[in-house]
Amino acid sequence: SEFNGYISYGIVAPKGTPSSIIKQLNAAIGSAQLSPEFAKRVNLVGGIEVMKPSTPEQAAVNLVRDEARWRAVAKQANIQFE
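Within each chain, residue numbers correspond to sequence positions counted from 1 in written order. Totals for whole chains, interfaces and linings use all residues, but because this is a predicted model, local features are given only for residues with pLDDT of at least 70 and pairs of side-chain atoms are given and counted only at 80 or more. Each side-chain value is derived from all of the structure's non-hydrogen atoms; neither hydrogens nor water enter the calculation.

### So, the overall build of the protein
Operational definition: Each helix is a run of H or I in the DSSP string that is no shorter than four residues. Each strand is a run of E no shorter than two, and both are numbered from the N terminus. When a residue's accessible area, from a 1.4 Å probe over protein chains only, is under 20% of the maximum for its type it is buried; when over 50% it is exposed; and in between it is partly exposed. Each accessible area is a Shrake-Rupley estimate made with a 1.4 Å probe; only the visible protein chains count as cover when residues are assessed. Residues scored as positive are Lys and Arg, those scored as negative are Asp and Glu, and His as well as the terminal groups of each chain are ignored. Taken as the charge centre is NZ of Lys, CZ of Arg, CG of Asp or CD of Glu, depending on the residue.
For the protein, the count of helices and strands is three helices and zero strands. Shown N-terminal to C-terminal, the secondary structure of the protein runs as helices and strands in the order α-α-α. Along the first, second and third principal axes, the C-alpha set of the protein runs to 40 × 35 × 15 Å. Expressed as a percentage of the 82 residues in the protein, the buried residues total 7%. Accessible surface, the protein: about 7600 Å² in total, of which carbon and sulfur atoms supply 59%. In the protein, 9 positive and 7 negative side-chain charges are present, and the distance between their average locations comes to 3 Å.

### A look at helix 3 (residues 56-76)
As a reminder of what qualifies: What a helix is expected to span follows from its residue count: subtract one and scale by 1.5 Å.
Its 21 residues place the ends of helix 3 31 Å apart at the C-alpha level, agreeing with the 30 Å of an ideal helix rising 1.5 Å per residue. A positive phi of about 60° marks Asn 78, the residue just after helix 3.

### Description of the packing of aromatic side chains
Applied cut-off: Ring geometry is summarised as follows: Phe, Tyr and Trp rings, the Trp one being its six-membered ring, pair when their centres sit within 6.5 Å, and such pairs are stacked at plane angles under 30 degrees, edge-to-face over 60 and tilted between the two. Whether a charge lies above a ring is judged from NZ of Lys or CZ of Arg, which has to be within 6 Å of the ring centre and within 35 degrees of the ring normal.
The final tally for this structure, using the stated rule, is zero aromatic pairs. A cation sits over an aromatic face here: Arg 69 above Trp 70, 4.7 Å from the ring centre.

### Digging into unusual backbone geometry
The phi dihedral of Asn 78 falls on the positive side, at around 60°, and the residue is not glycine. Owing to a relative accessible area of 62%, Asn 78 belongs among the exposed residues under this scheme.

Coordinates in, geometry out; function isn't part of it.
What follows is the structure in structure tokens.
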């Protein structure tokens, strides 16, 4: 069967980090991610696509979705992990 995968990077903060700090970090990271310097660096290491910055809420949804996806792949391949 055909297999498609990707690598996704994110930054997480410890549980309980104040939302004001999360918002500041998200804004700073999002700004850096949109810079030409960031795009150039991603290209240098073989990156093919730079996603638009997301909200902390969307990042949490993506993490849950991706975990479920990869658990299903592992189960189908009979890979066990904890």
